[in-house]
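Remarks on the overall topology
For reference, the chains in residue letters:
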Amino acid sequence: GARAGRGTVHRAGRFLCAPAGAEEPGMEAEAQQLPLGCGGGPGSPAAGRSPEGEERREPLQASVSNGGDAEGGGELVELKVIWNKNKYDVKFCLDSTGAELKQKIHSLTGLPPAMQKVMFKGLLPEEKTLREIKVTNGAKIMVVGSTINDVLAVNTPKEAAQQEVKAEENKKEPLCRQKQHRKVLDKGKPDDVMPSVKGVQERLPTVPLSGMYNKSGGKVRLTFKLEQDQLWIGTKERTEKLPMGSIKNVVSEPIEGHEDYHMMAFQLGPTEASYYWVYWVPTQYVDAIKDTVLGKWQYF
């Protein structure tokens, strides 16, 4: 009986203890394997500290594949880079800076970063990331700039040509010597021209300014209807009533040899072709006419 009892106890002990004993090593083994399994994830301390070569290799491979996953998982943004009528479809990291994007553009276009103006909702800041400036998929990135070769090939002749044009403009003869004006001025001063007063600026007279020629050599008078905000240009045939606001500009130049009189033009349309010329305007009224027509009222 005692033997049986002992055996039972022994068996029971063994039976009861053996699973408990077996369970503990099992847990330990499991606990040791966990770092191996998780070590694939970057930043696992156990994986990093493990001296065994195999375990060190595992996290390295895992981190490489993880990096790929991160790129595929929304960190890249698709951009349309437009430069010089060329379009480039680019996938670029959302956490890269504007300066890094300029390097990418350089590799695509050959345009050095220093010569690039990169536009996305204004000038792209070099120090900020694409995420910070809220670049989204399909965003258009405009690039302005010329390669060094383009600059050398194009700009030198163009600049020289522009300088020649400016020099020509500076050599332009005074208006009163130009052929179209000469034919009117050569008729001489009109008999009924209004007297001029040199060195004095006067306000507009209450009567129309008369005794002047237009470009066809016909007589013309100017009436300033201030209460209607209109300029009336009257000839023998008809009177044009122009709102002051419709006159874009007023230009004038003294008549050579008769500096106390001016030739004057009212710009009625968008270009110089729309100038309405009037000759022999008394000099004392020139400023008052300009100020009245262009909106600066005289308070004398």
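This text follows the structure it describes.
The model shown is predicted, which means the values in this text are computed figures rather than measured ones.

Once that is clear, we can look at the sheet that holds strand β2 (residues 86-93). Read from one edge to the other, the open sheet built from four strands follows the order β2-β1-β4-β3, with strand pairing classed as mixed. At either end of the open sheet lies a strand with only one pairing partner, and these are β2 and β3 (117-119). Strand-to-strand twist of the sheet, defined as the mean angle between neighbouring strand axes without regard to direction, takes the value 30 degrees. Sheet topology note: the strand β1 (residues 76-83)/strand β4 (residues 139-144) ladder contains five bridges and is parallel. By the bridge assignment, W83 is partnered in β4 with V143. Each of β1, β2, β3 and β4 is contacted by helix α4 (residues 98-109), which is oriented at about 140 degrees to β2, the strand it contacts most.

What follows concerns the nonpolar core. In terms of nonpolar packing, the biggest core is built from 22 residues, with L209, L222, F224, L231, F266, I289 and V293 touching the most fellow members. For this core, the secondary-structure elements that each account for two or more residues are β5 (209-214), β6 (219-225), β7 (230-234), β10 (258-267), β11 (275-282) and α7 (286-293). Of all the elements, α7 adds the most residues to this core, at four residues. If near-sequence neighbours (up to four positions away) are discounted, F266 is found in contact with L222, L231, I247, N249, V250, S274, Y275, Y276, V278, I289 and V293. Judged by nonpolar contacts, the second largest core, of 19 residues, contains L79, L101, V118 and F120.

Here we take up unusual backbone geometry. Positive phi values are uncommon outside glycine, yet K85 reaches one of about 70 degrees. Residue position: K85 is located in the loop between β1 and β2. The class for K85 is exposed, based on a relative accessible area of 82%. Positive phi, normally seen in glycine, also occurs at K134, with a value near 65 degrees. By the secondary structure assignment, K134 is in the loop between β3 and β4.

If you walk through the whole model with that rule in mind, you get seven salt bridges. We note a salt bridge from D95 to R131, for which the minimum N-O separation is 2.8 Å. With D95 in the loop between β2 and α4 and R131 in the loop between β3 and β4, the pair connects residues that are 36 residues apart, well separated along the chain. Classification of R131 by relative accessible area gives partly exposed; the value is 40%. Put simply, K102 and E126 hold a salt bridge, and the shortest N to O gap is 2.8 Å. Here the residue K102 occupies a position in helix α4, and E126 occupies one in the loop between β3 and β4, the gap between them amounting to 24 residues. Exposure remark for K102: the relative accessible area of 9% places this residue in the buried category.

The rules behind the values
Residues numbered from 1 in each chain as written. Predicted model: local features only at pLDDT ≥ 70, side-chain atom pairs only at ≥ 80, totals over all residues. Heavy atoms only, no water. Pairing = 2+ DSSP bridges. Helix = DSSP H or I, 4+ residues; strand = E, 2+ residues; numbered from the N terminus. Axes fitted to C-alpha atoms, helices over the stretch in contact; angles between N-to-C directions. Contact = heavy atoms within 4.5 Å. Core = buried A, V, L, I, M, F, W, Y, C linked by side-chain atoms within 4.5 Å. Buried < 20%, exposed > 50% of the residue type's maximum accessible area, 1.4 Å probe, protein only. Salt bridge = Lys/Arg side-chain N within 4 Å of Asp/Glu carboxyl O.

None of this, on its own, says anything about what the molecule does.
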